[in-house]
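Structure assessment
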Amino acid sequence: MQRIKTLSEYFKKYELSEKDPAKFWSQIADSFLWKKKWDNVLESDFENADFQWFKNAQLNITENIFERNLSQRGDKTAIIWEPNDPKESPTYLSYKELYKQTCTFSNALRSKGIKKGDRVIIYMPMVPEAAIAMLACARVGAVHSVVFAGFSAASLADRINDCEAKMVLTSDGNFRGNKTIPVKDVVDEALEKCSSIESVIVLERTKQNINMEDGRDSWWHECIEDQPKTCDSEVMDSEDLLFILYTSGSTGKPKGVVHSSAGYMIYSSYTFLNVFQYDEDDIYWCTADVGWITGHSYIVYGPLLCGATTVMFEGVPTYPNVSRFWDIVDKYKVNQFYTAPTAIRALQAHGLEPLENNSLDSLKVIGSVGEPINEEAWHWYHDNVGKGKCPLVDTWWQTETGGIMISALAGITPNKPAHASLPLPGIIPVIVDAEGNELNGNNVQGNLCIKSPWPSIIRTTYGDHKRCISTYFSHYKGMYFTGDGVKRDHDGYLRILGRVDDVINVSGHRMGTAEVENAINEHEDVIESAVVGYPHDIKGEGIYAYVIVSTKLNDDEIKNQIINVVRKVIGPIAKPDKIQIVSGLPKTRSGKIMRRILRKVASNDFQNLGDTSTLLNPDVVKEIIDGAII
Ligand code: 7RM
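Residues numbered from 1 in each chain as written. Predicted model: local features only at pLDDT ≥ 70, side-chain atom pairs only at ≥ 80, totals over all residues. Heavy atoms only, no water.

1. Overview of the site of the ligand
Close to the ligand lie 17 residues; Asp-394, Thr-395, Thr-399, Asp-484 and Arg-499 are nearest. Here an oxygen atom of the ligand sits 2.6 Å away from a polar atom, N or O, in the side chain of Thr-399. The contact in question runs from an oxygen atom of the ligand to an N or O atom on the side chain of Arg-499, over 2.8 Å. Contact with the protein chains removes 96% of the 530 Å² of surface that the ligand exposes when unbound. Elements with a minimum of two residues in the shell around the ligand: helix 11 (293–305), strand 20 (392–395) and strand 25 (494–499). (Near = heavy atom within 4 Å. Polar contact = N/O pair within 3.5 Å; in protein donor to acceptor, adjacent residues only side chain to side chain. Areas by Shrake-Rupley, 256 points an atom, 1.4 Å probe, with all protein chains shown as cover. Helix = DSSP H or I, 4+ residues; strand = E, 2+ residues; numbered from the N terminus.)

2. What to know about the pattern of salt bridges
One pass over the full model with this rule turns up 40 salt bridges. Measuring nitrogen to oxygen at the nearest pair gives 3.2 Å for the salt bridge that ties Glu-234 to Arg-110. Here the residue Glu-234 occupies a position in the loop between helix 9 (220–224) and strand 13 (236–237), and Arg-110 occupies one in helix 5 (residues 95–111), the gap between them amounting to 124 residues. Among the residues examined, Arg-110 registers a relative accessible area of 29% and is labelled partly exposed. The partner of Asp-217 in a salt bridge is Lys-184, with the nearest N and O atoms 2.8 Å apart. Here Lys-184 lies in helix 8 (residues 183–191) and Asp-217 lies in strand 12 (residues 217–219), a separation of 33 residues in the sequence. You can call Lys-184 buried: its relative accessible area is 0%. Where salt bridges share partners, they join Arg-3, Asp-279, Asp-282 and Lys-364 into one cluster. (Salt bridge = Lys/Arg side-chain N within 4 Å of Asp/Glu carboxyl O. Buried < 20%, exposed > 50% of the residue type's maximum accessible area, 1.4 Å probe, protein only.)

3. Some remarks on the nonpolar core
Judged by nonpolar contacts, the single largest core of 120 residues is most densely connected at Trp-25, Trp-34, Phe-54, Leu-169, Phe-276, Tyr-301 and Phe-473. Phe-276 has contacts with Thr-271, Tyr-284, Tyr-298, Gln-336, Tyr-338, Val-365, Val-393, Ile-404 and Ala-410, leaving out every residue within four places of it along the chain. (Core = buried A, V, L, I, M, F, W, Y, C linked by side-chain atoms within 4.5 Å. Contact = heavy atoms within 4.5 Å.)

4. With respect to the packing of helix 6 (residues 128–140) against helix 11
Close contact between helix 6 and helix 11 brings their axes to 11 Å; oriented N to C, the two are set at 60°. Viewed along their axes, helix 6 and helix 11 adopt a mutual orientation that is oblique. Considering the relative orientation of helix 6 and helix 11, their crossing is right-handed. Across the interface between the two elements, Ala-131, Met-134, Leu-135 and Ala-138 from helix 6 touch His-296, Val-300, Tyr-301 and Leu-304 from helix 11. Grouping the constituent residues of the contact of helix 6 with helix 11 by class yields seven nonpolar, one polar and no charged. (Axes fitted to C-alpha atoms, helices over the stretch in contact; angles between N-to-C directions. Parallel < 35°, antiparallel > 145°, perpendicular 65-115°, else oblique. Left-handed = near helix turned anticlockwise from the far one by under 90°. Nonpolar A, V, L, I, M, F, W, Y, C, P; charged D, E, K, R; others polar.)

5. Regarding the sheet that holds strand 20
Read from one edge to the other, the open sheet built from seven strands follows the order 5-4-17-16-18-19-20, with strand pairing classed as mixed. Strand pairing shows two members of the sheet lacking a second neighbour, strand 5 (91–94) and strand 20, which therefore form its edges. In this sheet, neighbouring strand axes are inclined to one another by 20° on average, regardless of whether the strands run parallel or antiparallel. Its contacts with the sheet place helix 12 (residues 324–332) against strand 4 (77–82), strand 5, strand 16 (283–286), strand 17 (309–313) and strand 18 (336–339), and it is angled at close to 145° to strand 4. (Pairing = 2+ DSSP bridges.)

6. Things to note about the sheet that holds strand 25
Spatial ordering of the open sheet is given by 21-22-24-25, a layout of four strands whose pairing is antiparallel. In the strand order of this sheet, the two ends are held by strand 21 (429–432) and strand 25, each with one partner. Taken over all neighbouring pairs, the strand axes of this sheet differ in orientation by 45° on average, direction set aside. Bridging between strand 24 (residues 480–488) and strand 25 involves five bridges; their strand directions are antiparallel. The residue bridging Val-486 from the neighbouring strand is Ile-496, located in strand 25.

As structure tokens, then:
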């Protein structure tokens, strides 16, 4: 695959991708291994959300990671694994070794009856086996669905049931900073509510005491004993499912975003190579968790498809101390470093001292993803981590897009603080107003849509195609609606402004306000609740909940119980930062909650609340303002 090297080349490629997308994408696809080539590069129907890329071609994505790379890069390190505890030895897996372990585990999956099309849940720590699990599923044609190991038993059970998974891959426990998390116990609790699971494979990591269910659970190390070290890869059609990844939207229930084999393979690797400008001997590190799309596309698939060396880190940025990220950069001489604004802001709060003993000389490119990066954090990151010499790529994309959509190409596109900047080749972003009019030219602001199909566009929401159409393809005809607001500045550079729907972004984690409300409402003393986001210095957005209760408990007791319910229903990442007990919620005469008012109060902005006299219950506004938690 050819990499773009200059700005004029970028513009040339962009033009070609607009004029002749089939030619543009087939040139890229030509450098991959196909079991059978395509009949047609793309067929696209926005109205029915029907996208077919590389139609009727056959492939296996793991052949493109292994068979395609092994002769040149067999001994090259594929994965460097840095454990939670810096005193524990790291693991270096060469492409050859990773191939062997993937094949061995693929055989283990097959011996447990897993075959093409079966769904397999991965609920694991950040260890190489998590990547091996994903790759082994892909090798045998099983559809993986990775669930972030911070989600609760109830959330895990919902996802297992939604996709009717047959198997769970997990570990005894997880190390996270100075904590040990009993993951297998969570799986056991979830499985009480699931009937589709036939088997569970458990990786030994923390060596804590766990329950092993006879006939259902087996140990990872026992499953791979005596398995052959090679394994034929399943023949996958281009559009066969590669994975499902659940993500939150504006309705209560997370959606299973579906990605298919060929398009995702092409797009994740193309964007990896070009955005980060990866060179053959570079060491690349993305700090995300494999439970999120960033981990899928830019720890596992993108880098490994390009034959890169990818660092995988088990721990957290603050353990054993706040220099941990910088220690790891120096330890492995990381060249490209990719993280989230929330991590930058959290580390920024500790000042420059934690950076003093690190050189960070190896860094060539630094990246940001997950939420808008504010200018202050941008400059701090650029000046103190990138030492003013590394291009900073602010990459905008989503679970649904599969790969980076709007971003500078490192060192090629001029940097502009807090701007994701320009679309990648093949991506045609448009700004539309509420009525769906396209706003052309510069200095305009509106909703961000994409009007071209791209190879890794969401294919469906698992089990409910209508929901996919209504969520993404019906707001604006002939376009994909992102849910984000955007501004095109006077230079034509794009700046993402954040969500325009009822989705909030807390430390880079996407959450539906309805989802959190549903969780709060599970407390038996809660009558009604409304959740909004508010600006938070470190997390980007915090969670503010207004709750009506009928209870004998005092305020502190009921608030604590509500927090515990949310932990149990969703997980710790969704627990409200602030809970205000109220006697009513501001409602329109048709009974709709006026979230605009609640958002303003939560943001400490008591001016310009707008006309509240037409509300059903105008008096409640004063009460809410008086009781606001600042
Ligand atoms: C990759 C990822 C998607 C939402 C998206 C945005 C926000 C992501 C940026 C960003 C501003 C960015 N997938 N978002 N990247 N906002 N600048 N560079 O995060 O599905 O979990 O979230 O995240 O609101 O719609 S995601």
